[in-house]
Amino acid sequence: MTARPRALIVDDKEENLYYLRTLLTAYGYDVESAGHGAEALTKARHSPPSLVIADLLMPVMDGYSLLRHWKVDDKLKDIPFVVYTATYTAPEDERLAIDLGADAFIVKPMEPDELIARIRQVDSSRADAGFRPAHRPIADDQEIVKQYSAALVRKLEEKTIQLETANRALQKEIGERKEVSTRLETLIEQANIGILVHHDFKPILANGEMARIFGYQNKDQIRNMPDCRILFADSEQARIAAYYKERLKGGDAPGFYSIKGKRAEGTIIDLENRSFVIQWGDRLAVCTMLTDVTEQRNVEAQLRQSQRLEAVGQMTGGIAHDFNNLLTVIIGNTELIEETADPSLQGLAEMARQAAERGAQLTSRLLAFSRQQPLDPKAIDINALILNIDGLIRRAIGGQLELKTVLGTDLWHVFIDPSQLENALLNLAINARDAMPDGGCLTIETSNVRMDDAAVADQVNFAPGDYLLVAVSDTGTGMDNNTLAHAFEPFFTTKDVGKGSGLGLSMVYGFVRQSHGQIRILSAPGQGTTVNIYLPRAADDVALAKPEIRDGSLPRGSERILLVEDDAMVRDMVAMQLASLGYRVVSAVNGPQALEVLKREDGFDLLFTDIIMPGGLNGRQLADEARKLCPGLRIIFTSGYAENNAGHDGRLDQGVHLLNKPYRREDLAKKVRDALAQEPL
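It should be emphasised that the depicted structure is a prediction, and the values quoted were computed from it without experimental measurement.

Caption draft 1: Expanded view of helix α16 (residues 418-434). Between its first and last C-alpha, α16 extends 25 Å over 17 residues, near the 24 Å set by a 1.5 Å rise per residue. Inspection of α16 places Pro418, Gln420, Leu421, Ala424, Leu425, Asn427, Leu428, Ala429 and Ala432 among the buried residues, and these make up the whole buried set.

Caption draft 2: Expanded view of the pairing of strand β5 (residues 104-107). Examined bridge by bridge, strand β4 (residues 81-85) and β5 share four bridges and lie parallel to one another. Of the residues in β5, the one forming a bridge with Tyr84 is Ile106. In this view, the connection linking β4 to its parallel neighbour β5 by way of helix α4 (residues 91-100) has right-handed handedness.

Caption draft 3: Just the confidence of the model for the chain, in detail. Overall, the prediction assigns the chain a mean pLDDT of 79, with 74% of residues at 70 or greater. Note on residues 368-372: pLDDT under 50 across the span, and 29 contacts to partners over four residues away in sequence or across chains. A low-confidence stretch, residues 497-502 stays under pLDDT 50, and its non-local contacts, those more than four residues away or across chains, total ten contacts.

Caption draft 4: Representation of the sheet that holds strand β2 (residues 30-34) in the model. If you trace the five strands from one edge of the open sheet to the other, you get β2-β1-β3-β4-β5, paired in parallel fashion. If you trace the sheet from one side to the other, it starts and ends with β2 and β5, each paired once. Between one strand axis and the next, the sheet turns through 20° on average, direction left out of account. Helix-sheet contacts for helix α2 (residues 37-46) involve β1 (6-10) and β2, and the interaxial angle to β2 is about 135°. Sheet strands touched by helix α3 (residues 63-71): β1, β3 (51-54) and β4. Its angle to β4, the strand with the most contacts, is close to 175°.

Caption draft 5: Region of the structure containing the nonpolar core. Among the nonpolar cores identified, the biggest contains 38 residues, and Ile382, Leu421, Leu442 and Ile533 are the most heavily contacted of them. Ala34, Leu67, Phe81 and Leu96 belong to the second-largest nonpolar core, a separate cluster that totals 27 residues.

Caption draft 6: Expanded view of the sheet that holds strand β20 (residues 606-610). Ordered by their spatial adjacency, five strands build an open sheet running β19-β18-β20-β21-β24, and the pairing between neighbours is parallel. Every other strand in the sheet has two partners, leaving β19 (584-588) and β24 (657-660) as the edge strands with one partner each. Adjacent strand axes in the sheet meet at a mean angle of 20°, parallel and antiparallel pairs treated alike. By the bridge criterion, five bridges tie β20 to strand β21 (residues 634-639) in an arrangement that is parallel. For Phe608, the partnering residue across the bridge sits in β21 and is Ile636. Relative to the sheet, helix α19 (residues 568-580) contacts β18 (560-564), β19 and β20, its axis offset from that of β19 by approximately 165°. Where helix α21 (residues 619-629) meets the sheet, it contacts β18, β20 and β21, and its direction lies at approximately 160° from that of β20.

Reading the values: the criteria
Residues numbered from 1 in each chain as written. Predicted model: local features only at pLDDT ≥ 70, side-chain atom pairs only at ≥ 80, totals over all residues. Heavy atoms only, no water. Helix = DSSP H or I, 4+ residues; strand = E, 2+ residues; numbered from the N terminus. Expected span 1.5 Å × (residues − 1). Buried < 20%, exposed > 50% of the residue type's maximum accessible area, 1.4 Å probe, protein only. Pairing = 2+ DSSP bridges. Right-handed = clockwise from strand over helix to strand, strands pointing away. pLDDT = per-residue confidence, 0-100. Contact = heavy atoms within 4.5 Å. Axes fitted to C-alpha atoms, helices over the stretch in contact; angles between N-to-C directions. Core = buried A, V, L, I, M, F, W, Y, C linked by side-chain atoms within 4.5 Å.

Here is the structure:
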């Protein structure tokens, strides 16, 4: 049996490693990975691979340095080396890599099949016994430096050399010398990156952008520093000193790397640093070019968190859907048992129903988090809703806490599901209560806010526009940064075992995001917590919803209903309940079978169908085909979750009836009568 080839992939980004590892494994490679060049060298010298695929831009040791070490190592030099980069893509970058001995230079991204073909082409060429790539190791880092530096950097070096030449050779031509100096200063001052030249960390030159990045009034404050290492975090200073020493003697100090800076007031910031040696007068100095990437890193962190929550949401939504089918059967059958004459069975059935309804609340929260809970939005007055549930919130938080409501005037209306917003506010109130065990104050505030481009610039998935802000604040214990990072994750809780499911905030998060709003938490240990909910303003022409009035009776009828449900237990239970309400029911297992029934029989008044079904037709598609056969047929959709098939973004289309699983017989009876009372479309 032929041994599988082994590839070593080198990249500092985990997502890139994951992609290459998955791709190469699928094509028959055993894969080992390293996060930078130094780690790759150690692993390769211990156990040489068949092939190495390396990025160029990496910390500790970059790809160029790795390639240079690789090609002078007798143990490694004949192993194929493929460069795979998205940063260094210019012709001179490729030329440098090939000169250093690279067998292939591939620019990201590349289609998987094409990438594998290029890699196999390298393997095939290496298999030729006569193949020996010509390369010349480059010992001078200046070639690598040129690839790291942007056009501005090269221009700066050129002007610096011109100034030095003018100082030495044209001592009498003062005018020309001043002109060159002026051009250099203009170039440096107009740069949108911080530029610092120093000798043994004593600044020689600094520009205005350098002062702005670090929070100083002007560049002279930096130029007059005795030691420019104070511009960086204490934890970075030993590394800076080591790089400086290595760089001046021509060693392997990286020319590009990330570093933590320290502003004048002490704030730590994220920087990207490009450093290289230049000749300054009669001595060597180091030019450092710094870019502030703090805001970029914050946005990237928000994006990663958003993507992680999205993945968890997909998983929890699927689990909740399966449970809802089971709970629908349990709740339906216990209601039928409760109606029997046997008191002992009635008591047991009631206990089972109550337990099932608690389970339904959990699955509802999971669906809300995963944004798969079908919403029934209406235009509402937020202040009226808050006043309506004031008593419920007061009972939930208890008498030892003070409740304040600060309701804005002339508020815009919002288009949301009012019951979901009530649940969200109640969950936030309960969380606030638990954060104030010794008493405190819970405040609910409402106001109109207008978010422009600048206000949402550093926020992921936050569009500018008009929003109604609902702020729920407490004076409790607050949260640290680690807790804040996980606050919206389902089942994450800081409460004792048995005192919280960890689904409250995740439900609020999912509901708000599904309603096209945003949610932000402001908190610190000992300083309380504020949860800001931003709900988009409703269109001015949308009429306010009227409150629903129920008289407690159970609507009945005698119409003919076609029931379509692939789950046998759910199908049998719903058919039994509909029959007990007086309806004539015909059942089908899936969409194709339901269409055959409609072609064979007529006289159906209502189609009651699940949305997610096997057989090639989902509920939405079945409804469209059924109305072609039976114009005017009323339709009710039902589902454990909607997956956007009953409407748009989980919102129902006009005239669409949806009954969420699990449901009680009262909800089923009312929904059927509402649909049958509707004028045919």
